[in-house]
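These are the residues of each chain, in order.
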Amino acid sequence: MAVDEQQVFTDWEARGFSGGTMVDPPGKTWLGYVHAVDELIMLVEGELELEMLGEHKMLEVGKEVLIRRHVLHSIRNKGEGEARWLYAYGK
């Protein structure tokens, strides 16, 4: 499933979110993050694992995930190649 990144950002901006694109090398880990605002993420390609509220979940390409404000979370590239993903923070 191909992701229209520009359309995703347009939709997110209409909902009050703004962000960008991350490209992580294999093994990259974003460990123990907490934000004061809600965050949206979406996998575009690769393999990402989200750890949140004690659960580990592999993300699906094109599926939006909401991380509520003040929730501790980590993201890991579990694949052998780069992982490309979108993120945006609420205002």
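Structure shown above.
Residues numbered from 1 in each chain as written. Predicted model: local features only at pLDDT ≥ 70, side-chain atom pairs only at ≥ 80, totals over all residues. Heavy atoms only, no water.

(A) Expanded view of the packing of aromatic side chains. By the definition in use, this model includes four aromatic pairs. Note on phenylalanine 9 and tryptophan 12: the rings are 6.0 Å apart at their centroids and 85° apart in plane angle, and the pair reads as edge-to-face. In this pair, phenylalanine 9 and tryptophan 12 both sit in helix α1 (residues 5–14), three residues apart, roughly one turn of the helix. Pair check on accessibility: phenylalanine 9 and tryptophan 12 agree, each one buried. An aromatic cluster is defined as three or more aromatic residues linked by ring pairs; in this entry it consists of Trp85, Tyr87 and Tyr89. Lying across the ring of tryptophan 30, lysine 28 places its NZ or CZ 4.2 Å from the centre. (Phe/Tyr/Trp six-rings, centres within 6.5 Å; stacked < 30°, edge-to-face > 60°. Helix = DSSP H or I, 4+ residues; strand = E, 2+ residues; numbered from the N terminus. Buried < 20%, exposed > 50% of the residue type's maximum accessible area, 1.4 Å probe, protein only. Lys NZ or Arg CZ within 6 Å of the ring centre and 35° of its normal.)

(B) How the structure looks around the sheet that holds strand β2 (residues 29–33). Spatially, four strands are ordered β2-β7-β4-β5 in an open sheet, and the strand pairing comes out antiparallel. Across the chains shown, the open sheet's two edge strands, defined by having one partner strand only, are β2 and β5 (55–58). Across the sheet, the mean angle separating the axes of adjacent strands is 15° when strand polarity is ignored. (Pairing = 2+ DSSP bridges. Axes fitted to C-alpha atoms, helices over the stretch in contact; angles between N-to-C directions.)

(C) Region of interest: unusual backbone geometry. Look at leucine 53: it is not a glycine, yet its phi comes out positive at around 55°. Its location among the elements puts leucine 53 in the loop between β4 (48–52) and β5. For histidine 70, which is not a glycine, the phi torsion comes out positive at approximately 70°. Positionally, histidine 70 belongs in the loop between β6 (64–67) and β7 (73–77).

(D) Quick peek at the environment of arginine 76. Within the fold, arginine 76 resides in strand β7. C-alpha of arginine 76 to C-alpha of lysine 28: the two residues are 48 residues apart in sequence and 5.9 Å apart in space. Setting aside residues up to four positions removed in sequence, arginine 76 forms contacts with Lys28, Thr29, Leu31, Glu47, Leu48, Glu49, Glu51 and His56. Of the polar contacts made by the side chain of arginine 76, one reaches the side chain of glutamate 51; its length is 2.8 Å. (Contact = heavy atoms within 4.5 Å. Polar contact = N/O pair within 3.5 Å; in protein donor to acceptor, adjacent residues only side chain to side chain.)

(E) Broad picture of the pairing of β4. Of all five residues making up β4, four are buried, and the element is well covered by its neighbours. Note that β4 and β7 share five bridges and pair antiparallel. Note that in β7 the partner of leucine 50 across the bridge is isoleucine 75. Sheet topology places β4 next to β5; four bridges connect them, and they run antiparallel. Of the residues in β5, the one forming a bridge with glutamate 49 is methionine 58.

Scope: geometric values only; no functional claims are made or implied.
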